[in-house]
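Remarks on the overall topology
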Amino acid sequence: SQQGEEDPQALSIQEGENATMNCSYKTSINNLQWYRQNSGRGLVHLILIRSNEREKHSGRLRVTLDTSKKSSSLLITASRAADTASYFCATDKKGSNYKLTFGKGTLLTVNP
Amino acid sequence: GAGVSQSPSNKVTEKGKDVELRCDPISGHTALYWYRQSLGQGLEFLIYFQGNSAPDKSGLPSDRFSAERTGGSVSTLTIQRTQQEDSAVYLCASSPDPGAQETQYFGPGTRLLVL
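Cut-off values and rules
- Residues numbered from 1 in each chain as written.
- Chains lettered and ligands numbered in written order.
- Predicted model: local features only at pLDDT ≥ 70, side-chain atom pairs only at ≥ 80, totals over all residues.
- Heavy atoms only, no water.
- Contact = heavy atoms within 4.5 Å.
- Buried area = accessible area lost by both parts, 1.4 Å probe.
- Salt bridge = Lys/Arg side-chain N within 4 Å of Asp/Glu carboxyl O.
- Polar contact = N/O pair within 3.5 Å; in protein donor to acceptor, adjacent residues only side chain to side chain.
- Helix = DSSP H or I, 4+ residues; strand = E, 2+ residues; numbered from the N terminus.
- Nonpolar A, V, L, I, M, F, W, Y, C, P; charged D, E, K, R; others polar.
- Buried < 20%, exposed > 50% of the residue type's maximum accessible area, 1.4 Å probe, protein only.

1. Considering the interface of chain A and chain B
Tallying the contact residues gives 21 residues for chain A and 26 residues for chain B. When chain A packs against chain B, close to 1900 Å² is buried across both sides, 49% of that on carbon and sulfur atoms. Considering only the surface of chain A that becomes buried against chain B, A:Arg41, A:Tyr98 and A:Phe102 emerge as the three largest contributors, covering 34% of it. Across the contact surface, chain A and chain B share 0 salt bridges. Taken together, the connections running from chain A to chain B amount to 2 residue pairs in polar contact (both at pLDDT 80 or more). Looking at the side of chain A that touches chain B, the elements that each hand over two or more residues are strand S4 (29–37), strand S5 (43–50), strand S9 (85–93) and strand S10 (96–102) of chain A. In terms of residue count, the dominant contributor to the side of chain A that touches chain B is S10(A) (5 residues). Among the residues forming the side of chain A that touches chain B, the class breakdown is 7 nonpolar, 9 polar and 5 charged.

Right under this line is the structure:
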């Protein structure tokens, strides 16, 4: 089973709106990361949040982490058509600090 | 600076043939990772290298898959006797040091199609 699972599987919004994606995981983690993938090719790292952090910001991105619920959310504010991509969360398990486990991703479509 | 590069970008092969996929990590990165992404799926961990050694091969799906890394740099993933279910995008990543606290930098991937 997937360590990290994102929802929704697909999200379609209009430019300027905010997009929220969620990730749930099953085991204790050291960190949780969010990646972006365009057109099924290489992934681009967006943000890393450590298990002792609750919220982190980077530009238009806001990530929250709730370790008690084993969940995270990624908020993209004031979305742009260029934000259209798949977004993945990746977690590591405590005691296995190099192996990332990815969910199936959320496909975000931002309509101009 | 140069990122992670992979070759070939695309590979079409016939069932039963062997294929080699190459990854050039970012210079100086000691850790290297291979992942596989099937259509519409997340990434599946295959193998991790620290320098030239592979402490974790647990993700390799069968003994038809092998990987090596030479000189602490370039890595080659070899799939022998390819099967149609091997069709996927194979992604390589590197990081300065091992550890998920380090960002993994991904290459563009090799899209493999086994006919």
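Once the structure has been displayed, the description carries forward.
2. Side note on the side chain of B:Asp56
Residue placement: B:Asp56 occurs in strand S6 (residues 53–56). Assessed through its relative accessible area of 8%, B:Asp56 is described here as buried. Engagement of the side chain of B:Asp56 in a polar contact is seen with the side chain of B:Ser58, the distance being 2.5 Å. Contact partners of B:Asp56, with chain neighbours within four places excluded, come to A:Tyr98, A:Lys99, B:Phe45, B:Leu46, B:Ile47 and B:Tyr48.

That's the geometry; what it means functionally is another story.
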